[in-house]
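A closer look at the structure
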Amino acid sequence: MEHYLISQIFTIISYIFLASTYHVKSRKTVLKLNCISQIAFIVAYILLGAWSGLMMAIVALARNIIYIIDENKNGMRKKTNKTDIIILVIMYIICILSAIFTYDGIFSLLPVIATMLYTYAVCQKNIKTYKLLGIPTELLWTGYNIYIRSIVGIVLEVIMLTNCFTGYIMEVKKNKKVINN
């Protein structure tokens, strides 16, 4: 019981940082906040014995670090390039291999699909695309939290969905203002 309660505290920390990513404007800030979120998720998933979620949190942390290093080295590019595609393909291969090793029924694939979708969203240079793809990603994580019985995770995923919708709507409105001006 103690492990479960501690896992729920780390889940709360994870979602605080993850929710903030849907309200920032900088891709680099999104990646940094997501790194902090993933570290907390790693601890939570270890405590829950949620191995598929754990592997995807590790993949997500590695992905974010790779993108941060790449952008520090090469600067922020406006468009997706060859390096981004290579990173995307490598991350997809790692996700698939992880899914094979952590497979525990169909629901254990939810975080794999969510991570692959989120990785694609982060690969894009468009914040609007990132915010839009957050919606199905959060739906998949909601299903996984139900599967692993993380009550706090379920509640916070509903809040995350609200954040995704809000962040996306604000981005659309901002783009409309730019077009109309």
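If you're wondering where the values come from, they're calculated on a predicted model, not measured in any experiment.

A closer look at the overall build of the protein chain
Across its full length, the protein chain holds seven helices and zero strands. Scanning the protein chain from its N terminus toward the C terminus, one meets helices and strands in the order α-α-α-α-α-α-α. Expected size for 181 residues packed as a compact globule is a radius of gyration near 16 Å; at 16 Å, the protein chain falls within 12% of this value. If one aligns the C-alpha atoms of the protein chain with their principal axes, the spans along those axes are about 55 × 30 × 25 Å. Counting only residues that meet the buried cut, the protein chain has 48% of its 181 residues in that class. Within the protein chain, contacts between residues separated by at least 24 positions form 73% of all contacts whose residues are at least 6 apart in sequence.

Some points on unusual backbone geometry
We note that R149 has phi near 60 degrees; this positive angle belongs to a residue other than glycine. Look at R149 and you get exposed, because its relative accessible area is 65%.

Structural notes on the side chain of R63
Following the sequence through the fold, R63 ends up in helix α3 (residues 51–74). Despite its burial, R63 pairs with no opposite charge, the nearest such side chain being E138 at 10 Å. Not counting chain neighbours up to four residues away, the residues in contact with R63 comprise N34, M91, T115, Y118, T119 and V122.

A closer look at the state of the cysteines
Tallying each qualifying case throughout the model produces zero disulfides. Free cysteine C95: the closest other cysteine sulfur is in C123, separated by 13 Å. Its relative accessible area of 0% is what places C95 among the buried residues.

Conventions adopted
Residues numbered from 1 in each chain as written. Predicted model: local features only at pLDDT ≥ 70, side-chain atom pairs only at ≥ 80, totals over all residues. Heavy atoms only, no water. Helix = DSSP H or I, 4+ residues; strand = E, 2+ residues; numbered from the N terminus. Rg over C-alpha atoms; globule rule 2.2 N^0.38 Å. Buried < 20%, exposed > 50% of the residue type's maximum accessible area, 1.4 Å probe, protein only. Contact = heavy atoms within 4.5 Å. Lys, Arg positive; Asp, Glu negative; His and termini not counted. Salt bridge = Lys/Arg side-chain N within 4 Å of Asp/Glu carboxyl O. Disulfide = S-S within 2.5 Å.

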